[in-house]
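Inside the fold
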Amino acid sequence: MHTTFLFALALTGILVGVVLARDRAHPRSATARLGSAAHLTNEAEREASYWNEFAQETLRAKVQEAAKAGSTQSAKNVILFLGDGMSIHTITATRNLMGDSSNQVSFEKFPYFGLSKTYCVDRQVADSACTATAYLGGVKGNYGTIGVNAKVKRYDCNNGQNPANFVDSIAKWAQDVGKDAGLVTTARVTHASPAGVYAHTANRDWENDAKVYQNGGCSAKDNVDIARQLVEWDVGKKLKVIMGGGRRNFINTTVNDEEGLPGHRTDGLNLIQDWLKDKQANKQQAAYVWSKKGLSLVDLEKTEYLLGLFASSHCPYNGDLERSNYKLVKPSLTEMTDAAIKVLRKNENGYFLFVEGARIDMAHHDTRARKSLEDTLEFSRAIEHARAMTSEEDTLIVVTSDHSHTMTINGYPYRDQPITGLSDQLADDGLPFTVLSYANGPGFSTTYNDKTGRSKISAKQTEDVRFEYLATVPLDSETHGGDDVGVFASGPFAQYFSGNYEQSNIPAMMARALNIGPFANL
């Protein structure tokens, strides 16, 4: 029964199936809801000050190291590239997809490399919500929460909206000193990672008002949903660039978007129109676009604010863009990054830009490794393009991930074998196995069947981009991994990012490079 169900799940549509699987990627257990303090090893971790002091100590050591090497000019701009779920294994496998294991993705050529520890306060293996608070706000929080400290448990309707528990992001620090800020993502712009730029919430799922009640039973009036925070709250309103997917969270269920798909809001608001009205009322040059053509028609040199919502939910996988007519109507991550930099670079004071390759993660959840590697390649191209558009003298570029995944590389394949294919040897049961495999996930139905046990996989099967790679444990969505993730840096103060450190130290080091926020002038 179980394998039959998973096989049926694997046959669902490319976009719908992936979105549904992604929504199930973060289980809501009873213990997660209760958030028992018994799971904490250090009560001090609930306090934002604990993580700030920890980062201060690390940063002082980095400052001393930099002083020994000579003075370094402060950065004018910082671009943080986040490869969601981009484990070290993912980067390694992408090299082979490029043609050979000796290749390098663009950011591997950056001069400084480190590792960050990704755990949440209450979980060994993190999600994209608590990690966003860490790498954007400098404070570790609880699983499923965004922009709040660890005093807030997931689903906590009251403490989640208490400003005393809010964690400001580096985007706010930049705005406070006259710099601009923006975000680009291939996910919904209200999804966990981009929401870390501007939102404060006890539940990452509260992307629209209907979800506030459905996922936690809280009041949407008292707990402002993430989309409203983006349009109505201070940091979100000031973002000069917002590009990604997620139109459905901005319009009502009774309204269809430009592609004929209904919204998910139930409060009657049209937040896209509200965003435009706010900018018009303040006599600001603003543009809203929903297609690649619309983006191409925007005069980026004159536009002050740019809102691009290119899908009802998440943007398509980059491989699907290349294989279909989507590329004619949907911009790639590189194209969105290009537009964002052109808007933001007009500010003489500089900017902070967050860019997320979100679908690396989503393909891993479906155990569709080839799609994940294709999106990693596009992520690399966007970084290479951004580095070419900017100067290493004044722009720090940091590339990292929020967490890893359970995919591994195995089987002693020959150098010239495709990493997305089969190992050259047979297992002890006389059957082939794939070079890439997962510890758990929907690929279990590819691996085993009720009649013969382990299934016989052919090389032809692995050539299908929707092939679900072998997995040991049956889950409808593969889980994240708990191993450390890479941090690559180029530009002013890039040397700070070497070594091994808490993920929550990353915004402290970026802020020091910009000389902004609580970590300036150390």
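Residues numbered from 1 in each chain as written. Predicted model: local features only at pLDDT ≥ 70, side-chain atom pairs only at ≥ 80, totals over all residues. Heavy atoms only, no water.

Using the following cut-off: UniProt positions are given in the numbering used here, feature names are shortened, and annotations may be inferred rather than shown by experiment.
For the protein, an unreviewed UniProt entry supplies the name Alkaline phosphatase and the organism Ceratitis capitata. Under the UniProt heading Catalytic activity (unreviewed entry), the note attached to the protein is "a phosphate monoester + H2O = an alcohol + phosphate". One UniProt comment on the protein, placed under Sequence similarities (unreviewed entry), says "Belongs to the alkaline phosphatase family."

**A word on the overall build of the protein**
Basically, it comes down to this: Helix and strand assignments come from DSSP, with helices taken as H or I runs of at least 4 residues and strands as E runs of at least 2, each series counted from the N terminus. With C-alpha atoms as the basis for the radius of gyration, the globule rule is written as 2.2 Å multiplied by the number of residues raised to the power 0.38. Here the term buried applies to any residue with accessible area under 20% of the maximum for its type, exposed to any over 50%, and partly exposed to those in between, with areas from a 1.4 Å probe on protein chains only. We call two residues in contact when some of their heavy atoms are within 4.5 Å. Computed with the Shrake-Rupley method and a 1.4 Å probe, the accessible areas treat only the protein chains shown as cover for residues.
If you tally the helices and strands in the protein, you get 21 helices and 17 strands. The globule rule puts the C-alpha radius of gyration for 522 residues at 24 Å, and the 22 Å found for the protein is close to it. By its C-alpha atoms, the protein is 65 × 60 × 55 Å across when sized along the principal axes. Sorting the 522 residues of the protein into buried and exposed places 60% on the buried side. Partitioning the contacts of the protein with sequence separation of at least 6, the portion at a separation of at least 24 is 73%. About 19,900 Å² of surface is accessible on the protein, with carbon and sulfur atoms providing 51% of the total.

**Description of the sheet that holds strand β7 (residues 351-357)**
Put simply, the rule reads: Two strands are said to pair when DSSP picks up at least two bridges between them. Axis definition: a line fitted to C-alpha atoms, over the contacting stretch in the case of helices. Angles run 0 to 180 degrees between N-to-C directions.
Within the open sheet, the ten strands sit side by side as β5-β6-β4-β3-β7-β1-β8-β16-β2-β17. Their pairing is mixed. Each edge of the open sheet is held by one strand with a lone partner, namely β5 (286-289) and β17 (499-502). The mean inter-strand angle of the sheet, taken between neighbouring strand axes irrespective of direction, is 15 degrees. Two elements, strand β2 (residues 112-117) and strand β16 (residues 485-490), share five bridges in a ladder whose sense is antiparallel. The partner of Ser116 across the bridge, within β16, is Val485. Against the sheet, helix α18 (residues 369-389) touches β1 (77-83), β7, β8 (395-400) and β16, its axis set at about 170 degrees to β1.

**So, the state of the cysteines**
Worth spelling out the cut-off: Here, two cysteine sulfur atoms that lie within 2.5 Å of each other are counted as a disulfide.
Scanning the model with the defined rule gives two disulfides in all. Between Cys120 and Cys130 runs a disulfide, and the two sulfur atoms are separated by 2.0 Å. For the disulfide bridge between Cys120 and Cys130, the dihedral angle about the S-S bond is near -55 degrees, and by the sign convention the bridge is left-handed. Of this pair, Cys120 sits in the loop between β2 and α6 (128-137) while Cys130 sits in helix α6, placing them ten residues apart in sequence. You can call Cys130 buried: its relative accessible area is 3%. Sequence-ordered numbering of the bonded cysteines in the protein yields a pairing of 1-2, 3-4.

**Remarks on the UniProt feature "binding site: Zn(2+)" (unreviewed entry) in the protein**
According to UniProt, the "binding site: Zn(2+)" (unreviewed entry) feature falls on Asp84, Asp361, His365, Asp402, His403 and His480. Considering the C-alpha atoms alone, the annotated residues occupy 397 residues of sequence yet fold into one spot, their largest mutual distance being 14.5 Å. Tracing the backbone through its elements, the reader meets Asp84 in the loop between β1 and α5 (88-97). We classify Asp84 as buried; its relative accessible area is 1%. Look past the residues within four positions of Asp84 in its chain and what remains in contact with it is Ser128, Ser193, Glu356, Gly357, Ala358, Ile360, Asp361, Ser401, Asp402 and His403. By the secondary structure assignment, His365 is in helix α17 (residues 359-365).

**Focus: the packing of α6 against helix α21 (residues 506-514)**
When two helices pack together, you describe them by how their axes are tilted relative to each other and by the distance separating the axes. Selection rule: Roughly parallel means an angle under 35 degrees; roughly antiparallel, over 145; roughly perpendicular, 65 to 115; everything else is oblique. Throughout, the ten residues Ala, Val, Leu, Ile, Met, Phe, Trp, Tyr, Cys and Pro are labelled nonpolar, Asp, Glu, Lys and Arg are labelled charged, and all others, Gly among them, are labelled polar.
Between α6 and α21, whose axes approach to 5 Å, the crossing angle comes to 25 degrees. With respect to each other, α6 and α21 are oriented roughly parallel. On α21, the residues touching Ala134, Tyr135, Leu136 and Gly137 of α6 are Ile506, Pro507 and Met510. Among the residues forming the contact of α6 with α21, the class breakdown is six nonpolar, one polar and no charged.

**Observations concerning the pattern of salt bridges**
Test applied: Each salt bridge in this description consists of a side-chain nitrogen of Lys or Arg and a carboxyl oxygen of Asp or Glu lying within 4 Å of one another.
A complete count under the given rule lists 30 salt bridges for this structure. Between Glu43 and Arg46 there is a salt bridge, with its nearest N and O atoms 3.0 Å apart. Here Arg46 falls in the buried class, since its relative accessible area comes to 10%. Its salt-bridge partner being Glu47, residue Lys151 comes within 3.3 Å of it at the nearest N-O pair. One end of the pair, Lys151, is in the loop between α6 and α7 (170-176); the other, Glu47, is in the loop between α3 (30-34) and α4 (48-69), and 104 residues separate them in sequence. Overall, Lys151 belongs to the partly exposed group, its relative accessible area being 34%. The network of salt bridges with shared partners includes Arg247, Asp257, Glu258, Glu259 and Lys330.

**Notes on the UniProt feature "active site" (unreviewed entry) in the protein**
Those places that UniProt annotates as "active site" (unreviewed entry) correspond, in this numbering, to Ser128. Mapped onto the fold, Ser128 is located in helix α6. For Ser128, a relative accessible area of 1% translates into the label buried.

**Focus on helix α16 (residues 333-344)**
Condition: For a helix, the expected span equals 1.5 Å multiplied by the residue count minus one.
For α16, which comprises twelve residues, the first-to-last C-alpha distance of 16 Å matches the rise-based estimate of 16 Å (1.5 Å per residue) to within 8%. Taken across its twelve residues, α16 has ten buried, putting it largely inside the fold. Burial in α16 covers these residues: Leu333, Thr334, Met336, Thr337, Asp338, Ala339, Ala340, Ile341, Val343 and Leu344.

**Things to note about α5**
For α5, the full list of buried residues reads Thr90, Ile91, Ala93, Thr94 and Asn96. Where α5 is buried, its residues meet α17, α18, β10 (408-409), β11 (436-441) and β16. Positioned one or two residues after α5, Gly99 has a phi angle of 140 degrees, which is positive.

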